Amino acid sequence: MIQTVDFFTPIVDDPYRFGQITAANALSDVYAMGGRPLLAMNILACPVKTMDRSVFREVIRGGLSKIEEAGALLVGGHSIEDAELKYGLSVTGLVHPQKVLLNAGARPGDVLLLTKPIGTGILSTAIKGGLAGSDLEERITEVMVTLNKLAAEVMDDVRSRTGMEDAVHACTDITGFGLLGHLHEMLEASDVSARLFSQNVPLLDRTEEFARMGIVPAGAHANRRHFSQWIANRTEASADLEVLLCDPQTSGGLLIAATPSAAAAIARGLAERGYSLPCAVIGEITAGNRGMIRLA
């Protein structure tokens, strides 16, 4: 059994979309462990004195749409009065004991497969500042509401093939600590290091542009202050890249450590099943120097 909980404040104006994003984010923890969601319970904080009740209904409706898409059941929840709107889910999932994936277990020779582009934190900041239009908001929203369900299903299918049973060694989803932070956690837990192919990391449109303008969320700076100590080859030239790698993500993709053949099979399986988001091998696991990342 997998049990997880996640909730946060709105990052988009549309309450229905906010509900979808939050639910997708909460469900992702189950997918990152190789499981499937079974039950979900709502967590809702309502500013009833300042916000119309229809907003709360739309938030819950959005969350329910993703719970149903995941094949799970909404079995209740709890709401309270609060000064600020908050929403999320407590999720129960199931996974076979022999198929549990953790952020530990990556092995030298593995490659790192990332199933969604990064940049939602920077672009959300630009949107809040009125610097980006509705087209960009809709684009990042589509990324955030995309469940990691298909990626988890394809990964499980690959692991079920003869000779591939032990080909996927670790997995995590990319959220608030950014790509750099969650990669470091995987490396430290696995007692290995990594070479990151910086040019291969998929970025959402205009992410680099806004980062160069200084439109960066506070969380990215906090992540960079903490996690950049584990970059083995920091230079002045790497500063802009570090900001991108430390951008906190909402409902980010899966980061999978697997053999090259398994990673290729997962990427191929996603493409064959019509997965529309960029998916790429962004690095490789190396021995020694626990937790360290070399930018290449």
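Our subject in this report is the structure included herewith.

Calculation rules
Residues numbered from 1 in each chain as written. Predicted model: local features only at pLDDT ≥ 70, side-chain atom pairs only at ≥ 80, totals over all residues. Heavy atoms only, no water. Helix = DSSP H or I, 4+ residues; strand = E, 2+ residues; numbered from the N terminus. Rg over C-alpha atoms; globule rule 2.2 N^0.38 Å. Buried < 20%, exposed > 50% of the residue type's maximum accessible area, 1.4 Å probe, protein only. Contact = heavy atoms within 4.5 Å. Lys, Arg positive; Asp, Glu negative; His and termini not counted. Charge placed at Lys NZ, Arg CZ, Asp CG, Glu CD. Pairing = 2+ DSSP bridges. Disulfide = S-S within 2.5 Å. Axes fitted to C-alpha atoms, helices over the stretch in contact; angles between N-to-C directions. Parallel < 35°, antiparallel > 145°, perpendicular 65-115°, else oblique. Left-handed = near helix turned anticlockwise from the far one by under 90°. Nonpolar A, V, L, I, M, F, W, Y, C, P; charged D, E, K, R; others polar. Expected span 1.5 Å × (residues − 1). Core = buried A, V, L, I, M, F, W, Y, C linked by side-chain atoms within 4.5 Å. Phe/Tyr/Trp six-rings, centres within 6.5 Å; stacked < 30°, edge-to-face > 60°.

Points about the overall build of the protein
Right, on to step 1. For the protein, the helix and strand inventory stands at 10 helices and 10 strands.
Right, on to step 2. Here the C-alpha atoms of the protein give a radius of gyration of 19 Å, agreeing with the 19 Å that 2.2 N^0.38 yields for 296 residues.
Right, on to step 3. Each of the 296 residues in the protein was classed as buried or not, and the buried ones make up 52%.
Right, on to step 4. Across the protein, every contact between residues at least 6 apart in sequence was considered, and the portion connecting residues at least 24 apart equals 89%.
Right, on to step 5. Of note, the protein has its 26 positive side-chain charges centred 2 Å away from the centre of its 34 negative side-chain charges.

A few points about the pairing of strand E6 (residues 168-173)
Moving residue by residue along a regular strand, the side chains alternate between the two faces of the sheet.
Right, on to step 1. Among the 6 residues of E6, 6 are classified as buried, and the element is accordingly described as predominantly covered.
Right, on to step 2. Bridge analysis of E6 against strand E8 (residues 254-258) gives 5 bridges, and the strand direction is antiparallel. Bridging from a neighbouring strand, Val168 pairs with Ala258 of E8.

Examining the state of the cysteines
Right, on to step 1. Applying the stated criterion across every chain yields a total of 0 disulfides.
Right, on to step 2. Free cysteine Cys279: the closest other cysteine sulfur is in Cys171, separated by 11 Å.
Right, on to step 3. The exposure class of Cys279 is partly exposed, given its relative accessible area of 25%.

Description of the packing of helix H1 (residues 15-32) against helix H2 (residues 53-69)
Right, on to step 1. Remark: H1 packs on H2, axes separated minimally by 7 Å, with the N-to-C direction vectors making an angle of 40°. Considering their axes alone, H1 and H2 lie oblique with respect to each other. Judged by the sense of rotation from one axis to the other, the crossing of H1 with H2 is right-handed. Where H1 approaches H2, its residues Pro15, Tyr16, Phe18, Gly19, Gln20, Ala23 and Leu27 are matched on the opposing element by Val55, Glu58, Val59, Arg61, Gly62, Gly63, Ser65, Lys66 and Ile67.
Right, on to step 2. A breakdown of the residues in the contact of H1 with H2 according to their chemical character gives 8 nonpolar, 5 polar and 3 charged.

Considering the sheet that holds strand E2 (residues 36-46)
Right, on to step 1. Across the sheet, which stays open at both edges, the 4 strands sit in the order E1-E4-E2-E3 with mixed pairing between neighbours. What marks the edges here is a single partner per strand, and that holds for strand E1 (2-8) and strand E3 (73-81). Sheet twist, expressed as the average angle between the axes of neighbouring strands with direction ignored, equals 15°.
Right, on to step 2. Set on the sheet, H2 makes contact with E2, E3 and strand E4 (86-94); between it and E2 the angle comes to about 170°.

Some details on helix H4 (residues 134-145)
Right, on to step 1. Relative to the 16 Å expected for 12 residues at 1.5 Å per residue, H4 spans 16 Å between its end C-alpha atoms, a close match to the ideal helical length.
Right, on to step 2. Those residues of H4 that sit buried are Leu136, Ile140, Thr141, Val143, Met144 and Val145.
Right, on to step 3. At its buried positions, H4 is contacted by H1, H2, helix H3 (120-128) and helix H7 (207-212).

A few points about the pairing of E8
Right, on to step 1. The element E8 is largely enclosed, with a buried count of 5 among its 5 residues.
Right, on to step 2. Neither face of E8 is left uncovered, since the one carrying Leu254, Ile256 and Ala258 and the one carrying Leu255 and Ala257 both have all their residues buried.
Right, on to step 3. As judged from the 4 bridges shared by strand E5 (residues 111-114) and E8, these two strands associate in the antiparallel manner. Across the sheet, the residue bridging to Leu112 is Ala257, located in E8.

Considering the nonpolar core
Right, on to step 1. Leu89, Met155, Val168, Phe210, Ile256 and Ile266 are the most contacted members of the largest nonpolar core, which has 68 residues in total.
Right, on to step 2. The dominant element in this core, judged by the number of residues it contributes, is H1, at 9 residues.
Right, on to step 3. Once residues lying within four places of it in the same chain are set aside, the contact partners of Val168 are Leu101, Met155, Arg159, Ile256, Ala257, Ala258, Ala262 and Ile266.
Right, on to step 4. Counting 27 residues, the second-largest nonpolar core is a separate cluster that includes Leu112, Leu114, Ala170 and Ala194.

Focus on the packing of aromatic side chains
Right, on to step 1. As enumerated under the stated definition, the model contains 4 aromatic pairs in all.
Right, on to step 2. With centroids separated by 6.2 Å and ring planes inclined at 45°, the aromatic side chains of Phe227 and Trp230 adopt a geometry described as tilted. Neither residue differs from the other here; Phe227 and Trp230 are each classed as buried.
Right, on to step 3. Within the aromatic cluster, the residues linked to one another by ring pairs are Phe8, Phe18 and Tyr87.

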